Amino acid sequence: MAKRTRQRNFQGRNFRKKRRNDVLNQKRRSTLMGRIRSSGSKMEIQFVEALKSSCKRPFSVNDPTVFGKPDVAFFKLKVCIFLDSDFWHGWQYPRWKHLLKSDFWRQKIERNRERDRQVSRKLRQQKWRVVRVWEHNLRKNLEGTVIGIVESLKTQRRMEP
């Protein structure tokens, strides 16, 4: 009889494992989760620095005047970029939602995903071009992702009337 191997994704995560109890108490878990910030994350800082060095066009970071407060907004081109973390925005969420410890986290991630769809829809209605970049893409190839976005912006500019 052949031994079954674990199914893993390209990041080496096993999505077939069983859910375990939390090893931290509620107060410690709350403290850790409270330290996670929505802006100014390491991923965002690295992306903005790489974008500044590759792109000469002016852009705004976390501008509250644009609906959805995109991480990066190019006003003249009407392009906004959102940097979505794999966990909080639910990359391949249906594959790993069974691992979440409580309904609270499932509901939170599902609300985040729905809000992302609504924000993208409304911005497109307002003639903005919406780009969503996943965390794992930035980790795998930050420079390549930034170069692709910059090239896309050059194409966008040529298409303007």
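Higher on the page you've got the structure.
So, here is what we can say about the structure in this document. (Residues numbered from 1 in each chain as written. Predicted model: local features only at pLDDT ≥ 70, side-chain atom pairs only at ≥ 80, totals over all residues. Heavy atoms only, no water.)

## Details of the sheet that holds strand β1 (residues 60-61)
Moving on, step 1. Reading across the sheet, the four strands line up as β1-β2-β3-β4 and stay open at both edges, with mixed pairing between neighbours. Every interior strand has two partners, whereas the edge strands, β1 and β4 (129-134), have only one.
Moving on, step 2. Bridge count between β1 and strand β2 (residues 72-74): two bridges; the pairing is antiparallel. Counterpart to Ser60 in the pairing with β2 is Ala73.
Moving on, step 3. Packed onto the sheet, helix α2 (residues 42-54) meets β1, β2 and β3 (79-84) and runs at close to 145° relative to β3.
Moving on, step 4. Of the strands in this sheet, β3 and β4 touch helix α4 (residues 103-125), which is tilted by about 150° from β4. (Pairing = 2+ DSSP bridges. Helix = DSSP H or I, 4+ residues; strand = E, 2+ residues; numbered from the N terminus. Contact = heavy atoms within 4.5 Å. Axes fitted to C-alpha atoms, helices over the stretch in contact; angles between N-to-C directions.)

## Focus: the nonpolar core
For soluble globular proteins, the rule of thumb is that nonpolar side chains tend to be buried together.
Moving on, step 1. The biggest cluster of nonpolar side chains holds 19 residues, and the ones touching the most others in it are Phe47, Leu51, Phe74 and Ile81.
Moving on, step 2. Among the elements of the structure, α2, β2, β3, β4 and α5 (135-159) are those that each provide at least two residues to this core.
Moving on, step 3. Not counting the four nearest positions on each side in its chain, Leu51 is found in contact with Phe59, Val72, Phe74, Val146 and Val150.
Moving on, step 4. Listed in part, the eight residues of the second largest apolar core include Val66, Phe82, Val119 and Trp128. (Core = buried A, V, L, I, M, F, W, Y, C linked by side-chain atoms within 4.5 Å. Buried < 20%, exposed > 50% of the residue type's maximum accessible area, 1.4 Å probe, protein only.)

## Examining α2
Moving on, step 1. With 13 residues, α2 should cover 18 Å at 1.5 Å per step; its first-to-last C-alpha distance of 18 Å lies within 8% of that length.
Moving on, step 2. Burial in α2 covers these residues: Met43, Glu44, Phe47, Val48, Ala50 and Leu51. Each buried residue of α2 sits inside an arc of 165° when the element is viewed along its axis, so together they form one side. Summarising the geometry of α2, the exposed residues directed more than 90 degrees from the buried face are Lys42 and Ser53. (Expected span 1.5 Å × (residues − 1). Arc of directions from axis to C-beta.)

## Focus on the pattern of salt bridges
Moving on, step 1. Within this structure, the stated rule accounts for six salt bridges.
Moving on, step 2. Asp103 serves as the salt-bridge partner of Arg106, at 2.9 Å between the closest nitrogen and oxygen. Taken together, the positions of Arg106 and Asp103, both in helix α4 and three residues apart, correspond to about one turn of that helix.
Moving on, step 3. In this structure, Glu114 and Arg117 form a salt bridge, with 2.9 Å as the shortest nitrogen-oxygen distance. Placement of both Glu114 and Arg117 in helix α4 is noted, with a separation of three residues, approximately one turn of the helix.
Moving on, step 4. The class of Arg117 is partly exposed, set by a relative accessible area of 41%.
Moving on, step 5. Connected through salt bridges with shared partners, the residues Asp84, Asp116 and Arg132 form a single ionic network. (Salt bridge = Lys/Arg side-chain N within 4 Å of Asp/Glu carboxyl O.)

## Overview of the side chain of Ser60
Moving on, step 1. Among the structural elements, Ser60 can be located in strand β1.
Moving on, step 2. Among the residues examined, Ser60 registers a relative accessible area of 17% and is labelled buried.
Moving on, step 3. Within the local environment of Ser60, its side chain forms a polar contact with the side chain of Asp63, the two groups lying 3.0 Å apart.
Moving on, step 4. Sequence-distant contacts of Ser60, that is, excluding residues within four places in its chain, are made with Asp71, Val72, Ala73 and Phe75. (Polar contact = N/O pair within 3.5 Å; in protein donor to acceptor, adjacent residues only side chain to side chain.)

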